[in-house]
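Structure assessment
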Amino acid sequence: MKHIIVVGAGAVGLSCARAALKRGHRVTVLEQGPLPNPQSASYDQHRMIRYQYGDAEGYTRMVGEAFGAWDRLWQDIGERHFVPTGTFGVSLEANDEIQLTVPTFKRLGISHELMDGAAAERLCPQLTLPASAQGLYQADGGVLFADRIVDSLLAWVRGQGGELRSQSKVAHIDTFSSRVTLDNGDVLQGDAVVVAAGAWLPGLMPQLDDLPIWRQAVCYVDAPQQYLADWANGPCLTDLGIGDNYALAPAGGTGLKFGSGLHRRAGTPALTGFKADVQEGYEVIAHFAPYLRDASEYRPVRMAVGYYVKDASSKFRVQQDGQAVVVTNCDGQMFKFSTLMGERVLACIDGELAADELTRWAAGER
């Protein structure tokens, strides 16, 4: 039995803890804030899982593997924190993300439905689209209830004997000796360390100084009354307009959420904080407005601010450093893969998966 120390109690860290416990290891999870931590990038109402990944065939394959990992989690926790709303993307120009996704789906045999602009508006009556638009619908994707998943993982890890330590800020990680020092002077000795510290990683491991940190603010939206049912009963939107605009359906008691890649800003939790005013909500909605019927009637309800590490490659970085495995460069795309990532990281720690193979797989280069 090994002692696995996990730094970070978000979805990835807790999934690694679960995988370690299922393998019979002793586990200590260190979280710098409370448990759950509302400032964790994982802890929001919902996240999307979808197959639409353009021509990134490696990540498209990983989505199928992720569905299997989620099914294993639902068995463990006795609940299914997922609703298959379906996912739908709109293509507005040649070689955009949706156009690139279609041949990937065909190569991999992923079921899908292509439709013209008129059919797309029938599926999503709240949208108004150019006649030249094309829609791509995939039925399997949908909404993962993120905060419920984190809560259930915490309860499961605790129930299986894992040690969960809140308010335990890490000051130093000796990756070659698996020794972790806390800022209060406590020292923990493990056999392996998993570092899943999100946007706090560069400060924790300054040798990884090439990782840009971004502030992402998403908007919970009050839609016009006449379109509430369309949003509630329709698919999540993976791509709408320029700038990686996406919308999560208000399923299972969650809110309607808009996010835009164009609203990403450089920043750190310490410098720019977690507050966002209503005006930011209108800025996010503005990216959707050209494609919304009665766009002027949409109102921001609240903003949710998270921080991510993301470089220009947009590829996950999972690398071995001595006796540590570091998971980073994740942005908001990681949540859908978190349970699967935990399984793969522990397979690497236990010598069943080579470190370089794990790195290539996580980068979508298998």
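Residues numbered from 1 in each chain as written. Predicted model: local features only at pLDDT ≥ 70, side-chain atom pairs only at ≥ 80, totals over all residues. Heavy atoms only, no water.

Per an unreviewed UniProt entry, the protein chain is named Sarcosine oxidase, and its organism is Pseudomonas abietaniphila. UniProt annotates the protein chain under Cofactor (unreviewed entry) with the comment "FAD". (UniProt positions renumbered as here; feature names shortened; annotations may be inferred.)

What follows concerns the nonpolar core. Ranked by size, the top nonpolar core spans 63 residues in total, and within it W70, F337, M341 and V345 carry the most contacts. Broken down by element, this core gets its largest block of residues, 10 residues, from helix α2 (residues 57–77). Counting residues domain by domain, this core receives three or more from each of domain 1 (3–46 + 147–211 + 314–363) and domain 2 (87–139 + 213–309). Excluding its chain neighbours within four sequence positions, the residues that come into contact with W70 are I49, L144, I149, F335, K336, S338 and T339. If you look at the next biggest cluster of nonpolar residues, it comprises 51 residues, including A119, L129, L256 and L292. (Core = buried A, V, L, I, M, F, W, Y, C linked by side-chain atoms within 4.5 Å. Buried < 20%, exposed > 50% of the residue type's maximum accessible area, 1.4 Å probe, protein only. Helix = DSSP H or I, 4+ residues; strand = E, 2+ residues; numbered from the N terminus. Domains from an automatic or database assignment. Contact = heavy atoms within 4.5 Å.)

Quick look at the domain arrangement of the protein chain now. Splitting the protein chain by domain gives domain 1 (3–46 + 147–211 + 314–363) and domain 2 (87–139 + 213–309). Here the C-alpha centroids of domain 1 and domain 2 sit 30 Å apart. Listed by partner, the interface residues are 16 residues for domain 1 and 17 residues for domain 2. Each partner contributes to the roughly 1,500 Å² buried at the junction of domain 1 and domain 2, and carbon and sulfur atoms together form 57% of this total. Per-residue buried area on domain 1 facing domain 2 is highest for Q45, H46 and A199; these three make up 39% of the total on that side. Our enumeration of links across domain 1 and domain 2 arrives at 2 salt bridges. A salt bridge links K257 to D44; its shortest N-O distance comes to 3.0 Å. One can count 9 residue pairs in polar contact (both at pLDDT 80 or more) joining domain 1 with domain 2. Class assignment of the residues belonging to the side of domain 1 that touches domain 2 gives a composition of 6 nonpolar, 7 polar and 3 charged. (Buried area = accessible area lost by both parts, 1.4 Å probe. Salt bridge = Lys/Arg side-chain N within 4 Å of Asp/Glu carboxyl O. Polar contact = N/O pair within 3.5 Å; in protein donor to acceptor, adjacent residues only side chain to side chain. Nonpolar A, V, L, I, M, F, W, Y, C, P; charged D, E, K, R; others polar.)

Counted by the stated rule, this structure contains 0 disulfides. Here C348 stays free of any disulfide, with the sulfur of C16 as its closest cysteine sulfur at 11 Å. Its relative accessible area of 6% is what places C348 among the buried residues. (Disulfide = S-S within 2.5 Å.)

Let us look at the sheet that holds strand β3 (residues 47–49). If you trace the 3 strands from one edge of the open sheet to the other, you get β3-β8-β4, paired in antiparallel fashion. Two strands close off the open sheet at either side, each with one partner strand: β3 and β4 (82–83). Bridge count between β4 and strand β8 (residues 142–144): 2 bridges; the pairing is antiparallel. By the bridge assignment, V83 is partnered in β8 with V143. The strands touched by α2 are β3, β4 and β8; relative to β3, the strand with the most contacts, the crossing angle is about 120°. (Pairing = 2+ DSSP bridges. Axes fitted to C-alpha atoms, helices over the stretch in contact; angles between N-to-C directions.)

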